[in-house]
Amino acid sequence: MTDSAPRALVTGGAGFIGSHLVDRLLADGRRVCVVDDLSTGSAGNVPSDVRFQRVDVCDLASLGEVFAAFRPDVVFHAAAQTDVRRSTREPDFDARVNVLGGLNVLRAAAAVGARRIVYASSAAVYGDPERLPVSEADPTRPISDYGASKLAFEHYLGAHAARGLIEHAVLRYANVYGPGQRADGEAGVVAIFARQMLAGEPVAIFGDGRKTRDYVYVSDVVEATIRAAAGPSGVVANIGWGREISDLELFRAVAAATGYAKGPTHAADRRGDIARISLDPAVARRTWDWRPSVPLGDGVRRVVEATKAKPELAR
Ligand SMILES: NC(=O)c1ccc[n+]([C@@H]2O[C@H](COP(=O)([O-])OP(=O)(O)OC[C@H]3O[C@@H](n4cnc5c(N)ncnc54)[C@H](O)[C@@H]3O)[C@@H](O)[C@H]2O)c1
């Protein structure tokens, strides 16, 4: 790797999506710096040829020093408080990390002349949509504090970009899944099912099994995120299949991959869960020629294989 290789800084690079992104950036020959406070991420996820800074994005002074020393061209902002339930229990903590922490990243990036921020936003900004698949032009009406904080930071990014301070791209990820995902994150259900089924434990579905989500494999998400670092600025794009998968269908897919023969147990529906979601990826297709490529069955099999190989990762 040469000293003049493009420099990418990844916040949250020790986490699930961030660590897959870091692997890809390294494979592309980038110099990479990871900023992560390890609150949910793991130092073991960070390769040794990466500059790793254990810094909380809420700490502007330390962040400023890291940015000044590394001088990134592109910043991928994936650090976040990602627990939807915690966001409604502790909205102030959620806002501190996702809004104020985001603002710190934005200011630190602009201060050192970084060209662009690529932001890992979420389908949670839509709340309970009126029509599916939901498009970027549809109303954003979050029903969780997490959705509200993720959306708020989209607006801060847009405001800074409008003043010419930095370029930006916003990717609204659907339910991302893949190897290395913890079982307690925003969309850890594939990881939870895989771990429980491999252990032969009972597997609970909340509600009647007809709730739907749009599951997108992590390598597809990384591909879109990399493409968003180039091309036009100011793009806001959904990253999903535009297809709904019900809890019962997901259960069957993981059961097929693990050889699990029992049926699901049913638990009471969790309050605040949206009933259905899928994200129309037309903007990503038009702008970056991006389409998801890993079908659910293949992706689930990869998660199951990874869980068998490293069961301790599926906490
Ligand atoms: N996983 C999904 O399905 C999904 C869906 C939509 C959006 N997203 C977004 O993608 C991003 C990555 O999510 P993930 O699933 O990889 O979650 P994750 O919890 O694995 O990763 C988040 C990372 O951020 C770090 N972090 C948290 N607070 C921090 C702080 N104050 N300072 C520095 N680092 C901090 C954590 O230690 C962790 O490594 C998040 O912004 C999330 O909102 C994820």
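Positions within a chain are numbered from 1, following the residues in the order the chain's sequence is written. Under the rules for a predicted model, residues below a pLDDT of 70 receive no local features and side-chain atom pairs below 80 are neither given nor counted, while totals for whole chains, interfaces and linings still include all residues. Note that the side-chain values use all heavy atoms of the structure and ignore hydrogens as well as water.

Helix and strand counts for the chain stand at 10 helices and 13 strands. The dimensions of the chain, computed from C-alpha atoms along their principal axes, are 55 × 40 × 40 Å. Only protein chains enter the accessibility calculation, which uses a 1.4 Å probe; a residue whose area is less than 20% of its type maximum is buried, one above 50% is exposed, and one in between is partly exposed. Counting only residues that meet the buried cut, the chain has 51% of its 315 residues in that class. For the chain, restricting intrachain contacts to residue pairs at least 6 apart in sequence, the fraction spanning at least 24 positions comes to 79%. Each helix corresponds to a stretch of at least 4 residues labelled H or I by DSSP, and each strand to a stretch of at least 2 residues labelled E; elements are numbered beginning at the N terminus. Here, residues are in contact when the closest pair of their heavy atoms is within 4.5 Å.

It is worth spelling out the side chain of Arg 7 at this point. For Arg 7, the location among the structural elements is in strand 1 (residues 7–11). Judged by relative accessible area, which is 15%, Arg 7 ranks as buried. When neighbours within four sequence positions are excluded, Arg 7 is seen to be in contact with Arg 31, Phe 70, Arg 71, Pro 72, Asp 73 and Val 74.

For the rest of this paragraph, the subject is the sheet that holds strand 5 (residues 116–122). Sheet strands pair by backbone hydrogen bonding; their relative direction is either parallel or antiparallel. Read from one edge of the open sheet, 7 strands run 3-2-1-4-5-6-11, paired in parallel fashion. Both edges of this open sheet fall to strand 3 (51–53) and strand 11 (235–239), since each of them pairs with a single strand only. Going from strand to strand, the sheet's axes swing by 20 degrees on average, the running direction of each strand aside. Strand pairing is defined by DSSP finding a minimum of two bridges between the two strands. Where strand 5 and strand 6 (residues 167–173) come together, 7 bridges link them in parallel fashion. Within the sheet, the bridge partner assigned to Ser 122 lies in strand 6 and is Tyr 173. Angles run from 0 to 180 degrees between N-to-C directions of axes, and those axes are lines fitted to C-alpha atoms, restricted for helices to the stretch in contact. Packing of helix 1 (residues 16–27) onto the sheet brings it into contact with strand 1, strand 2 (31–35), strand 4 (74–77) and strand 6, and relative to strand 1 it is tilted by some 170 degrees.

Those residues of helix 6 (residues 189–198) that sit buried are Val 190, Ala 191, Phe 193, Ala 194, Gln 196 and Met 197. Contact partners of the buried residues in helix 6: strand 7 (175–177), strand 8 (204–206), strand 10 (215–217), helix 8 (247–258) and helix 10 (296–309). Where helix 6 terminates, the next one or two residues include Gly 200, which has phi positive at roughly 70 degrees.

A few words now on the packing of helix 4 (residues 91–111) against helix 5 (residues 145–162). At their nearest, the axes of helix 4 and helix 5 sit 9 Å apart, and the two run at 20 degrees to each other. Our classification of the angle between helix 4 and helix 5 gives roughly parallel. Viewed along their axes, helix 4 and helix 5 form a crossing whose handedness is right-handed. Across the interface between the two elements, Pro 91, Asp 94, Ala 95, Asn 98, Val 99, Gly 102, Leu 103, Leu 106 and Arg 107 from helix 4 touch Asp 145, Tyr 146, Ser 149, Lys 150, Ala 152, Phe 153, Tyr 156, Leu 157 and His 160 from helix 5. Of the residues belonging to the contact of helix 4 with helix 5, the class tally is 10 nonpolar, 4 polar and 4 charged. Comment on the angle field: the value is read as roughly parallel under 35 degrees, roughly antiparallel over 145, roughly perpendicular from 65 to 115, and oblique elsewhere. Handedness of a helix crossing follows the sense of rotation of the near helix relative to the far helix, less than a right angle counterclockwise being left-handed and clockwise being right-handed. Throughout, the ten residues Ala, Val, Leu, Ile, Met, Phe, Trp, Tyr, Cys and Pro are labelled nonpolar, Asp, Glu, Lys and Arg are labelled charged, and all others, Gly among them, are labelled polar.

What follows deals with the domain arrangement of the chain. For the chain, the domain assignment lists domain 1 (7–176 + 215–240 + 285–292) and domain 2 (177–212 + 244–281 + 297–313). Domain extents, as shown, originate in an automatic or database domain assignment. On a C-alpha basis, the centres of domain 1 and domain 2 stand 25 Å from each other. Domain 1 puts 35 residues into the contact, and the matching count from domain 2 is 28 residues. Accessible-area loss on putting two parts together, using a 1.4 Å probe and summing over both, is the definition of buried area adopted here. Summing the contributions of domain 1 and of domain 2, the shared interface buries around 2500 Å²; its carbon and sulfur component is 57%.

Tracing the sequence through the fold places Gly 207 in the loop between strand 8 and strand 9 (212–213). With 27 residues separating them in the primary sequence, Gly 207 and Gly 234 have C-alpha atoms 39 Å apart. Beyond its immediate stretch of four places on either side in the chain, Gly 207 contacts His 266, Ala 267, Ala 268 and Asp 269.

Basic side-chain nitrogens of Lys or Arg form a salt bridge, by our definition, when they fall within 4 Å of a carboxyl oxygen of Asp or Glu. Applying the stated rule across the entire model yields 19 salt bridges. With a closest N to O distance of 2.7 Å, Glu 223 and Arg 24 form a salt bridge. You can see Glu 223 sitting in helix 7 (residues 218–227) and its partner Arg 24 sitting in helix 1, a full 199 residues away along the chain. Where Glu 201 meets Arg 195, a salt bridge forms, and the shortest distance between an N and an O atom there is 3.7 Å. One salt-bridge network, in which partners are shared between bridges, spans Arg 24, Asp 28, Glu 223 and Arg 227.

Right, let's talk about the packing of helix 2 (residues 60–70) against helix 4 for a bit. Two numbers describe how helix 2 lies on helix 4: the axes approach to 9 Å, and their chain directions differ by 35 degrees. Seen from above, helix 2 lies across helix 4 with right-handed handedness. From helix 2, Leu 60, Leu 63, Gly 64 and Phe 67 reach across to helix 4, where they touch Asn 104, Val 105, Arg 107, Ala 108 and Ala 109.

One recurring pattern in soluble globular proteins: nonpolar side chains tend to sit buried together. Think of a nonpolar core as a cluster: buried Ala, Val, Leu, Ile, Met, Phe, Trp, Tyr and Cys residues, connected wherever their side-chain atoms sit within 4.5 Å. Counting 66 residues, the largest nonpolar core has Phe 76, Ile 239 and Trp 288 as the members making the most contacts within it. Beyond its immediate chain neighbours, meaning those up to four positions away, Phe 76 contacts Ala 8, Leu 9, Val 10, Thr 11, Leu 21, Leu 25, Val 118, Thr 225 and Ala 229. By size, the runner-up hydrophobic cluster in this structure holds 25 residues, among which are Phe 70, Leu 103, Tyr 119 and Phe 153.

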